[in-house]
Amino acid sequence: MTKLKRVILATAATASLIVFLCPPTRARVKWWRDKKGVLHLEETAPARPNAVGEAQTSKIIERNHAGLNLGDDESVFKTADKGVFAAKGGSDGNYYQYTNESPPGAVNSGALFVEGRLALIMVEYTDAALGGWDALIKQTAKKYGAPHGDAHYAAWNDGATDLSFTRESNGDITCILDDAPTVSKLLERQKNAAPKF
C-alpha cells in the first residue's frame, strides 16, 4: 500500500469516525473494506449494555498503545517527527498518519490530537499479529471484563477511556483507544457546528 493511499484511508477513517461516533450513547461503528481496499464505516444501533453498564468496565483501561499515550502533547509528537499530517478534525483537531515504528503486524496507524493533546490512537493489525480475533477478545476480557458488541465488534469503557476492536472483512483487526470525554466534546462541537437543513 502506497504512503498516499494510507494517508487517504486514514483521513477517510478519521472523518467517518468523527461523524459516526455520537455522544452520549456512542453508537457502534462497523468498519469494512471494499474490493479496492477502501475503508468504509457504517453506524449501527447502539450495542446492548453488559451487566456493568453501557460497555463500562470496573477496571481502568490502560491509556497507552503503539508507543503513544493519550494526553501526549502534539508539539512533542511533531518535533519527534512521529507522523505525517493527514487531515483536520474540526477547528481544533489534527489527524496524523503515525509513521514512527508501528507495532509488529500493524498495517495502518493514526493519531488524533484535539486542542494539542492526543485524544485517539487507531492501529489496524493483521489477524495473525494479534493471535486471532477469538484469542484477542478472550485475553482482553480477562483484563477488563466482558465486552459489549458482537462477532465483529468488541468494546470496553471505564468512563474516561474507550477501547474497541473491529474485525474487518479482510480479517484485519482495527484497534481504537480514545479519551472518551475529549472525543465526546469534539463530536458534540462538530455536531452543533454542522449545517442544519
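Our structure is the block above this text.
What comes next is a walk through the structure. (Residues numbered from 1 in each chain as written. Predicted model: local features only at pLDDT ≥ 70, side-chain atom pairs only at ≥ 80, totals over all residues. Heavy atoms only, no water.)

### What about the packing of aromatic side chains?
Convention followed: When two rings of Phe, Tyr or Trp (its six-membered ring) have centres within 6.5 Å they constitute a pair, described as stacked for plane angles under 30 degrees, edge-to-face for angles over 60, and tilted for the intermediate range. Put simply, DSSP marks the helices as runs of H or I at least four residues long and the strands as runs of E at least two long, and each gets a number from the N terminus on. Relative accessibility decides the category of a residue: with a 1.4 Å probe and only protein chains considered, values under 20% of the type maximum give buried, values over 50% give exposed, and everything between is partly exposed.
The full count for this structure, using the stated rule, is six aromatic pairs. Their ring planes at 25° and their centres at 6.2 Å tell us that F77 and Y98 sit as a pair that is stacked. Residue F77 is found in helix α2 (residues 74-79), and its partner Y98 is found in strand β6 (residues 93-98); the two are separated by 21 residues along the sequence. Relative accessible area serves as the criterion here: at 4%, F77 is assigned to the buried category. On the basis of an interplanar angle of 85° and a centroid distance of 5.7 Å, the ring pair of Y96 and F113 is categorised as edge-to-face.

### Topic: the side chain of Q97
In plain terms, the rule: We define a polar contact as two N or O atoms separated by no more than 3.5 Å, with the added condition that, inside protein, one atom must be a possible hydrogen donor and the other a possible acceptor, whereas residues neighbouring each other in sequence contribute only through side-chain atom pairs.
Along the chain, Q97 turns up in strand β6. On the basis of relative accessible area, Q97 is assigned to the buried category, the value being 5%. Within the local environment of Q97, its side chain forms a polar contact with the side chain of N108, the two groups lying 2.7 Å apart.

### Examining the pattern of salt bridges
Definition in use: Should a side-chain nitrogen of Lys or Arg be within 4 Å of a carboxyl oxygen of Asp or Glu, the pair is scored as a salt bridge.
Applying the stated rule across the entire model yields four salt bridges. In this structure, D179 and R63 form a salt bridge, with 2.4 Å as the shortest nitrogen-oxygen distance. Placement of D179 in strand β12 (residues 173-179) and of R63 in the loop between β2 (39-43) and β3 (64-65) is noted, with a sequence separation of 116 residues between them. Given a relative accessible area of 13%, D179 falls into the buried group.

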